[in-house]
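The primary structure of each chain is shown beneath.
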Amino acid sequence: MAKNDLIIRVAGEGGEGVVSTGDFVAAACARAGLEIYTFKTFPAEIKGGYAMYQVRTSPDRIYNQGDTFDVLCAFNGEAYEVNKHLLKPGTAFVYDYPGGDFEPDAIPEGVHAYPIPMSKTAKEMKSYRSKNMVAMGALSVLFNINEVTLKQVLTKKFGKKGEEILNFNLQAFEKGKELAMPLKKTDPWRVADATAPKDVIVISGNDAAGMGALLGGLEFFSAYPITPATEIAKYVATHLPKLGGTLIQAEDEIASIGQVLGASYAGKKSMTATSGPGLALMAEMLGMAFMSETPVMLVDVQRGGPSTGLPTKHEQSDLFLAIHGAHGDAPRIVLSVEDVKDCIDMTVDALNLAEEYQCPVLLLSDGSLAFSTQTVPRPNPADYTIVHRKMWDGEGTYARYKMTEDGISPMVNPGTPGGMHIATGLEHTESGAPSFKAETHEQMQAKRFGKIKPVVNRYKPTEVDGEGEADLGIITWGSTIGVAREAVARLRAEGYKVKGFYPKLMWPMPVEQYEAFAATCKKILVPEVNYQGQLSHFIRAETSIKPIPFTICGGLPFTPIQMMDRVKEII
Amino acid sequence: MAKNDLIIRVAGEGGEGVVSTGDFVAAACARAGLEIYTFKTFPAEIKGGYAMYQVRTSPDRIYNQGDTFDVLCAFNGEAYEVNKHLLKPGTAFVYDYPGGDFEPDAIPEGVHAYPIPMSKTAKEMKSYRSKNMVAMGALSVLFNINEVTLKQVLTKKFGKKGEEILNFNLQAFEKGKELAMPLKKTDPWRVADATAPKDVIVISGNDAAGMGALLGGLEFFSAYPITPATEIAKYVATHLPKLGGTLIQAEDEIASIGQVLGASYAGKKSMTATSGPGLALMAEMLGMAFMSETPVMLVDVQRGGPSTGLPTKHEQSDLFLAIHGAHGDAPRIVLSVEDVKDCIDMTVDALNLAEEYQCPVLLLSDGSLAFSTQTVPRPNPADYTIVHRKMWDGEGTYARYKMTEDGISPMVNPGTPGGMHIATGLEHTESGAPSFKAETHEQMQAKRFGKIKPVVNRYKPTEVDGEGEADLGIITWGSTIGVAREAVARLRAEGYKVKGFYPKLMWPMPVEQYEAFAATCKKILVPEVNYQGQLSHFIRAETSIKPIPFTICGGLPFTPIQMMDRVKEII
Amino acid sequence: MSVAALHKVDLKPKDYKSEVSVVWCPGCGYHGILSSIYKSLAELGVDSSNLMAISGIGCSSRTPYFIKSYKMHTLHGRAGPVATGAQLAQPEQAVLVTGGDGDGFSIGGGHMPHMARKNVNLTYILYDNGIYGLTKGQYSPTSRPELKAYTTPYGGPDEPMNPLLYMLTYGATYVAQGFAGKPQLCAELIKGALEHKGFSYVNIFSQCPTFNSIDTVEFYRELVREVPEGHDTSNLGAAMELARRDAEGHAPIGLLYKVNRPTLDERLAAIVTKVGGHKGYDINKIIDLASP
Amino acid sequence: MSVAALHKVDLKPKDYKSEVSVVWCPGCGYHGILSSIYKSLAELGVDSSNLMAISGIGCSSRTPYFIKSYKMHTLHGRAGPVATGAQLAQPEQAVLVTGGDGDGFSIGGGHMPHMARKNVNLTYILYDNGIYGLTKGQYSPTSRPELKAYTTPYGGPDEPMNPLLYMLTYGATYVAQGFAGKPQLCAELIKGALEHKGFSYVNIFSQCPTFNSIDTVEFYRELVREVPEGHDTSNLGAAMELARRDAEGHAPIGLLYKVNRPTLDERLAAIVTKVGGHKGYDINKIIDLASP
Ligand SMILES: Cc1ncc(C[n+]2csc(CCOP(=O)(O)OP(=O)(O)O)c2C)c(N)n1
Ligand SMILES: Cc1ncc(C[n+]2csc(CCOP(=O)(O)OP(=O)(O)O)c2C)c(N)n1
Ligand code: SF4
Ligand code: SF4
Ligand SMILES: [Mg+2]
Ligand SMILES: [Mg+2]
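Note that the structure is predicted; figures quoted are calculated from it, not measured.

(A) Region of the structure containing the overall build of chain A. Regarding its fold elements, chain A presents 20 helices and 21 strands. Taken against the 2.2 N^0.38 rule, which gives 25 Å for 571 residues, the C-alpha radius of gyration of chain A at 26 Å falls within 12% of a compact globule. Looking at chain A as a whole, 68% of its 571 residues qualify as buried. Expressed as a percentage of contacts within chain A between residues at least 6 apart in sequence, the contacts between residues at least 24 apart total 72%. Accessible surface, chain A: about 17800 Å² in total, of which carbon and sulfur atoms supply 53%. With 57 positive and 67 negative side-chain charges, chain A shows a spacing of 3 Å between the two charge centroids.

Encoded structure:
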């Protein structure tokens, strides 16, 4: 890899400015026309505790958080302790010394060490808060972080708080630069030089889902807070009112999905967002949405389970619940996102599919994407098509569940004369009247299942990464796709014949596409971050493929190298 | 088939005594040493509406409700209308005429018609209530229903209400006999003669589950009413207090499973019972039981879904939810019953497995078994082993989630000095302290999954019906097994080479047993009463078998002939 | 809701009957409640196509099937949230919720406080028969412990709750109680509820002759007493006092409480106004906020 | 619960500390509440091994980790049912539930009425900070609409609920309110609650300096007023009047209400007695009932 695809990890105590340092560096790189992909872990404590923020930046597209850092910036002893085993030859190590709360062990051979007295300098400036500015100054000098854009970013942020605060921070930044200047740079890491700025935004997965909701024409949102999904509601709460829409925080998840169902019945594009525990509580109402053919959309930001589990950690283990989590036969359309861009685009897709197919649509995101900020081409609202439900034309007698060729029955909004009808969770005839006859149930189930089948051909085809025959194909989903892309590329560069298949439509499964892909590969590896190999299960059940599962569940995403190693073992 | 394996269907308006007629006939046959298997359908209305009660009786063991009736006794015009298409040559037809509310069309060729003026006679006796007694008298004469045992049953029932009422009913019964006596019997159907009375009970699936709970040493039961599971709670409410135990009706299903978890933590054998919608609501708490390794047992009496669906109808469509209905990776042990006897025995098993493996255990029953009464050998309490959870020996420092060889950590009851600990839904160390480290999560998941694995070998092996090689093997579950048993026997009698495989342990799946069975069959047919072929899905996912799904979902069980026909088509 | 704002039509009570035939048992109090609903709709001239009737699951929750209107038959206990969503989506339409004591106060009991305190602009009619009818007779939160029911063959262990006191405590802005045996009174109370802007709650005692053997028509007749003349319906303390029943345990029927405060939809609309929100707002301005 | 019946031990408050270190923010009111709990346990001489501390999810729900006892850390909103089950299973032991305003009155709000009216014999301490702490600051059912929080950047649309009035309405048999800034009072109220036989509820105002910017220590100090001398704690009406706050909106602190009535476990035990139930009952008699 180019030495300017690099990863800077900042670590320290929560509240010490770890997050803002990361944000500033990321924004400065993005302004300089570079790509960024950030990754964070949060302390389990409410306040304080170990925090880590890592920025990967490169002039080229980035697909994941990377293998490990190239540069570590340690704000305190805990940060050093947690990361010291990763100080491999070639890495650079910037740390608070002297005057910090720790003295590192002997620096390992080949590690490039840059002691910077961050705390001491901050103390001299009589402001603990300036510690991270000192660090940033040093980092900018040492690793060629664009000073112009970094200052723009700082100005944008602190400018609002008044000249004095801005100047003080810039001063600390300069101090950091001065401290680094005399140090001899021995490592090869440098952020790429600025290029023509691209028209991008920098946004987290959760904010992106919120933005997607706005772009998708959302009118009503109801949710109950839950880590790591709450920021979607926060984003929507902040911006939806500007567009005249409504957000409410419900008393629990059952109420929020209920409100979504009610609002959708009443004619509004509606959605909610939650995480695993909330999804579990919504199972019954999602069945009702299927049965009553009411469009509802739900984002599930998966976290470490089961139960309360590891609420701030990454996992992709809600696929079983997403697809099978209803009593009776009541499927949903399930999508999953790969990256932050998908969080925008596929939230629009999910809202559209719910309207088009009049059924529940679940969009799966995950804990690592939720807070990962990435550069995304600035979305142009005009590029997004908003699909509306098929409406009754007012002709004849209205029957809500009319049998039609494609199984989709026109809807009608309350308030329309002549369209009065019932939406119900009981089995029913075309008019909605309860009926427990064998034929009714069989025909209506066939209708409800039949209408969503075409989505496998009508949703964008699953991307195949690579051409021709391969010794091994990787099939994976969610944010693990980004890891697979890089692993495939690097393996290919090393001469391996590998391919990738990256489904976004999880259910119903585009079986023919799976089969066609697998037909070109000798072996199929399915990496995923869960214990049971949930996608592997569905592949075995629905296709003729015999996948080799590759599961990890330690609360962290795969790294490209981890995936490459496994491929090399089994290819 | 012997002409004395026969099915008498009584049909009429709810409230006309349809159910008690069926109950009396069934009890009389059981008292006469015969086997019975009854089947009912309920009106959707609260009161009134079409009701049907069918008694199948034979000197030999009966496995299901049968193909169709041999004898129809129609109390009113609706009963006739609903059933007249089933009046095939050879069937007998007893009906309320003259003086009833209908006159049948021309009796089809070959149908043996016996008009009995039931309403008229009742009217003459000035008691509408005696109509069914008249019918019963006629039936007893026409079809050799044992008069002695029938009178015993009537006496048992009406005796409590005083001599007058008893005599009046017996009188009506005699009237019915007199009316039938002069009729010329042209059909071949007769209930077998009494044999030495067997030591049996006659009980419904729901009551049987209640009885199993008592035999299994249940101490605490909490439930929320729901069709078709409520009778389990009713049975337990009536009898558990006699054994010193406690039943409460909770405010909802989430509360009931929560109470069960709490009581179990506090050391009591605990369970709940519900149906699909309730199970959906319990998903989150079942995940907590898995994570906290707390024994909880739940009976799910499946009904027609999805959503509110067809609440009084039969379906076996909760397998997906039962196995996959949790966020994160959180499996359960899932069992399913074949018949009423299983409802007793496997409720005991399920309670035992929960204690043994310290995890949630789900027992699946269904709407047709719930109300089906069957003859069951009288259970002997001494035959049932009650398993208790492994308890801490008091040595050393107690660690609730201690890593042990078999993954099962000893428990301790509150009140025990030195055993204080926390049960938690957060990921945790051996002591129960929260830990979100990668190793902890991976090891603990491995422990929790690992400990339940042995159940596939330790639970009773899946029954194989037949020997040697076969052209086709039927794999099925739940009450459909009873249908398969008869279909297999009859097909074999017709010369077909067929076998059956009847799993009761649904999850984890005894894969080797499936494979071994399938290795002896050219084709595998999987009949089940749901839309998606849920067991087929799991067979495809977990074994190398390529099953041929055979699904129906009209709210009714399979009939043997229906299954035989399908086998003949594809064999 | 306040139906005052609705388009007015001139219809008879029977015009609000739908084509689905009523399935309740003969003698069930619900027949009377349904007539009262038809009557109040007709008197107010409610345009059916601007009415959403929403329910959960239970005998009482079958009501929407029998009313000509837009309607939803949802899940046990969940009429409240669904109706809240529907009301917020169409604040210019009328929303009527009907349901049972189990539906509303047992499984649905977690939603009630929030609907009331948020003053969701809808009318909630609770058919209070002290039993679970549809599931064939288990005790409900309003059952008396004397009742021997399906899961309580030896009587119940619980004290019954007090729906009126709950709703007053929760902050409902219109609280009334009727009895199915007094259809004229019920119609008046329902009419008042429909006219009220805000969360209006009407509790109606109703006999279930099929499963509740003790809360008979006669029992209710003895139980109820009209709200005394001169009761100040704007006085929460006085309403609570009445709701808590008199020394002989009589239950008040009539209007107990009625006040006005902003409804949830109004408060949400105020937020939109505050931020200057409107349909034509340029979404690019929001996207710009994410530029680095 | 009534801890009177428990085995008595002689311990200091610190002896009730577990080995797990407290994770709350500096300045959080919860530190004070925890000390009050330790103190009351020590004063009552509660034997830890006969105590079950049970919670849901939230910052407050972390409490059991810090107490030496049997304990369960359950699901958000579900401490109530789990504790009910545990109490009924071991009626001779003490059960202490701790949780937040969101846990208890938002997602768990459907369980509260039933625990109270059934008079489940346990103590419920609700840490009322007017915010969702653990999820980083969303408004809760006790938040004032002035609060600008995570999902309500422009202020909230809801009126806050009144926990004390709710619990009085629900039939709790011991209802008190404290403030984390008054640890001595809190300890007394908790002690009283633990001694009480029946469902005892203590609401404790507590500042969340991290996320609730308006309900500060100073705010609460201004807000609270001691229950007046001479208040009759057996008078429900008077307790409700106090709970509804005075004309200036002051919130009462102290004991508002305390009465005795049979607990759920007693009433269930009475059923067992009524049917002559006991461990040695011959199950064959029950099986016999099913013979044809
Ligand atoms: C989740 C769920 N649990 C339980 C049920 C079963 N159920 C249907 S109606 C009902 C109670 C009905 O009582 P109530 O609400 O008082 O209405 P009523 O029939 O008396 O009018 C119950 C428990 C259900 N449909 N869904
Ligand atoms: C089913 C479910 N929904 C949501 C959450 C997320 N959650 C955890 S704690 C909490 C609220 C905490 O607020 P509160 O109960 O007031 O306790 P505090 O943190 O203020 O002490 C929420 C919403 C969850 N854990 N489970
Ligand atoms: S069961 Fe009771 S509530 Fe239901 S319809 Fe019949 S009488 Fe009415
Ligand atoms: S977030 Fe608030 S409630 Fe939670 S520990 Fe911190 S100060 Fe306390
Ligand atoms: Mg009721
Ligand atoms: Mg709180």
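(B) Molecular detail of the domain arrangement of chain A. Residue and element names in this part refer to chain A. Domain boundaries assigned for chain A yield domain 1 (6-198), domain 2 (202-383) and domain 3 (463-570). Computed from C-alpha coordinates alone, the two centres of domain 1 and domain 2 are separated by 34 Å. Taken together, the twelve residues of domain 1 in the interface contact eleven residues of domain 2. Carbon and sulfur atoms supply 51% of the area that domain 1 and domain 2 bury against each other, a total of about 990 Å² over both sides. When the area that domain 1 buries against domain 2 is broken down by residue, the three leading residues are Ile36, Tyr37 and Phe42, summing to 44%. At the surface where domain 1 touches domain 2, the tally comes to one salt bridge. With its nearest N and O atoms 3.3 Å apart, the salt bridge here joins arginine 61 to aspartate 339. Summed over the shared surface of domain 1 and domain 2, the result is six residue pairs in polar contact (both at pLDDT 80 or more). With six residues, strand S2 (residues 35-41) is the single largest residue contributor to the side of domain 1 that touches domain 2.

(C) Molecular detail of the coordination of the magnesium ion (ligand 6). Residue and element names in this part refer to chain D. Each protein donor to the magnesium ion (ligand 6) is listed here as Asp101 (OD), Asn129 (OD1) and Ile131 (O); together their distances run 2.0 to 2.2 Å. Expressed as a motif, the donor residue spacing for the magnesium ion (ligand 6) is D-x27-N-x1-I. Separated by 28 residues along the polypeptide, aspartate 101 in helix H3 (residues 101-107) and asparagine 129 in the loop between strand S4 (123-128) and helix H5 (163-170) bring together distant segments of the chain. One exposure class covers both aspartate 101 and asparagine 129, and it is buried.

(D) Structural context of the site of ligand 1. Surrounding ligand 1, one finds 24 residues, the nearest of these being Glu253 of chain B together with Tyr30, Ser60, Asp101 and Asp103 of chain C. Looking at what sits near ligand 1, you find residues from chains A, B and C. With respect to ligand 1, the backbone of cysteine 59 of chain C contributes an N or O atom lying 2.8 Å from an oxygen atom. Take asparagine 129 of chain C: an N or O atom from its side chain is 3.1 Å from an oxygen atom of ligand 1. If one sorts the elements of the shell around ligand 1 by residue count, helix H3 (residues 101-107) of chain C sits on top with four residues. In terms of residue class, the shell around ligand 1 is built from twelve nonpolar, eight polar and four charged.

How each quantity is defined
Residues numbered from 1 in each chain as written. Chains lettered and ligands numbered in written order. Predicted model: local features only at pLDDT ≥ 70, side-chain atom pairs only at ≥ 80, totals over all residues. Heavy atoms only, no water. Helix = DSSP H or I, 4+ residues; strand = E, 2+ residues; numbered from the N terminus. Rg over C-alpha atoms; globule rule 2.2 N^0.38 Å. Buried < 20%, exposed > 50% of the residue type's maximum accessible area, 1.4 Å probe, protein only. Contact = heavy atoms within 4.5 Å. Areas by Shrake-Rupley, 256 points an atom, 1.4 Å probe, with all protein chains shown as cover. Lys, Arg positive; Asp, Glu negative; His and termini not counted. Charge placed at Lys NZ, Arg CZ, Asp CG, Glu CD. Domains from an automatic or database assignment. Buried area = accessible area lost by both parts, 1.4 Å probe. Salt bridge = Lys/Arg side-chain N within 4 Å of Asp/Glu carboxyl O. Polar contact = N/O pair within 3.5 Å; in protein donor to acceptor, adjacent residues only side chain to side chain. Donors = N, O, S within 2.8 Å, 3.2 Å for Na, K, Ca; no water. Near = heavy atom within 4 Å. Nonpolar A, V, L, I, M, F, W, Y, C, P; charged D, E, K, R; others polar.

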